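Structural characterization, general
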Amino acid sequence: MRLDKYLKVSRLIKRRTVANEACDAGRVSVNGKVARASYDVKVNDVIEIAFAGRTVKVKVITVAETVRKDDAAAMYGIVQ
């Protein structure tokens, strides 16, 4: 699954266009490397997103095309 779609489906970022813009701006990295929106997300990847004042680091647990809102948080785990 593409990185921008994963960020949207997992509800880490609200809209896919915003996720795409964040990737283009270099604010999203996967496994320590800046990633493009077309990056293919795999299980156990560590995604780091730099928001305005903070950074969120998550580990991919599952990759699914469609997920209910209640189950979206189960797609990733927060990394300290």
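Below is a summary of the structure that appears in this document. Throughout this document, residue positions are counted from 1 along each chain, in the order its sequence is written. A pLDDT threshold of at least 70 governs which residues receive local features in this predicted model, and a stricter bar of 80 or more applies before side-chain atom pairs are shown or counted, although totals over entire chains, interfaces and linings include all residues. Only hydrogens and water are removed before side-chain values are computed, so all heavy atoms of the structure are retained for them.

Okay, the sheet that holds strand β4 (residues 55–60) next. If you trace the five strands from one edge of the open sheet to the other, you get β2-β1-β3-β4-β5, paired in antiparallel fashion. Since the sheet does not close on itself, it has two edges, and those belong to β2 (33–34) and β5 (76–78), each with one partner. A strand pair is defined by DSSP finding two or more bridges across the two strands. Each helix corresponds to a stretch of at least 4 residues labelled H or I by DSSP, and each strand to a stretch of at least 2 residues labelled E; elements are numbered beginning at the N terminus.

Here S10 shows up in the loop between α1 (3–9) and α2 (16–24). Polar contact is defined as a pair of N or O atoms within 3.5 Å, subject to the rule that within protein one atom must be able to donate a hydrogen and the other to accept it, and that residues adjacent in sequence are counted only when both atoms are side-chain atoms. There is a polar contact of 3.4 Å between the side chain of S10 and the backbone oxygen of L7. Ignoring sequence-local partners within four residues, the contact set of S10 consists of A72, M75 and Y76. Residues count as neighbours in contact if any of their non-hydrogen atoms are within 4.5 Å of one another.

With that settled, the discussion passes to the pattern of salt bridges. Any Lys or Arg side-chain nitrogen located within 4 Å of an Asp or Glu carboxyl oxygen qualifies as a salt bridge. In the structure shown here, the tally under the stated rule is four salt bridges. Where salt bridges share partners, they join R2, D4 and R16 into one cluster.

Here we come to a positive patch on the surface. The patches described consist of residues with a relative accessible area above 30% and no salt bridge, like charges being joined within 9 Å and nonpolar side chains (Val, Leu, Ile, Met, Phe, Trp, Tyr) within 5 Å. The method behind every accessible area is Shrake-Rupley, applied with a 1.4 Å probe, and residues are considered shielded solely by the protein chains displayed. Here the positive residues are Lys and Arg and the negative ones are Asp and Glu; neither His nor the chain ends is included. Each charge is placed at NZ for Lys, CZ for Arg, CG for Asp and CD for Glu. Taken together, K8, R11, K14, R15 and K69 make up a surface patch of like positive charges. Looking at the element boundaries, R11 is found in the loop between α1 and α2. Relative accessible area serves as the criterion here: at 41%, R11 is assigned to the partly exposed category. Residue burial is assigned from relative accessible area. The probe radius is 1.4 Å, only protein chains are included, and a residue is buried under 20% of its type maximum, exposed over 50%, and partly exposed in between.

Within this scheme, the nonpolar core is defined by two criteria: the residues are buried Ala, Val, Leu, Ile, Met, Phe, Trp, Tyr or Cys, and they are joined through side-chain atoms within 4.5 Å. Core analysis: the largest hydrophobic core is formed by 24 residues, its most contacted members being L3, Y6, L7, V28, I47 and I49. Within the residue set of this core, elements represented by two or more residues are α1, α2, β1 (28–30), β3 (46–50) and β4. Among the elements that take part in this core, α1 stands out by supplying four residues, more than any other. Residues contacting V28, with those up to four places away along its chain left out, are L3, L7, A22, C23, V34, A35, I47, E48 and I49.

Take the pairing of β3 next. Of the two faces of β3, the one lined by I47 and I49 is fully buried and the one lined by V46, E48 and A50 carries no buried residue. Bridge count between β1 and β3: three bridges; the pairing is antiparallel. Bridging across to β3, V28 finds its partner in I49. Pairing between β3 and β4: five bridges, direction antiparallel. The residue of β4 that forms the bridge with I47 is V58. Following β3, the chain reverses through four residues before pairing antiparallel with β4.

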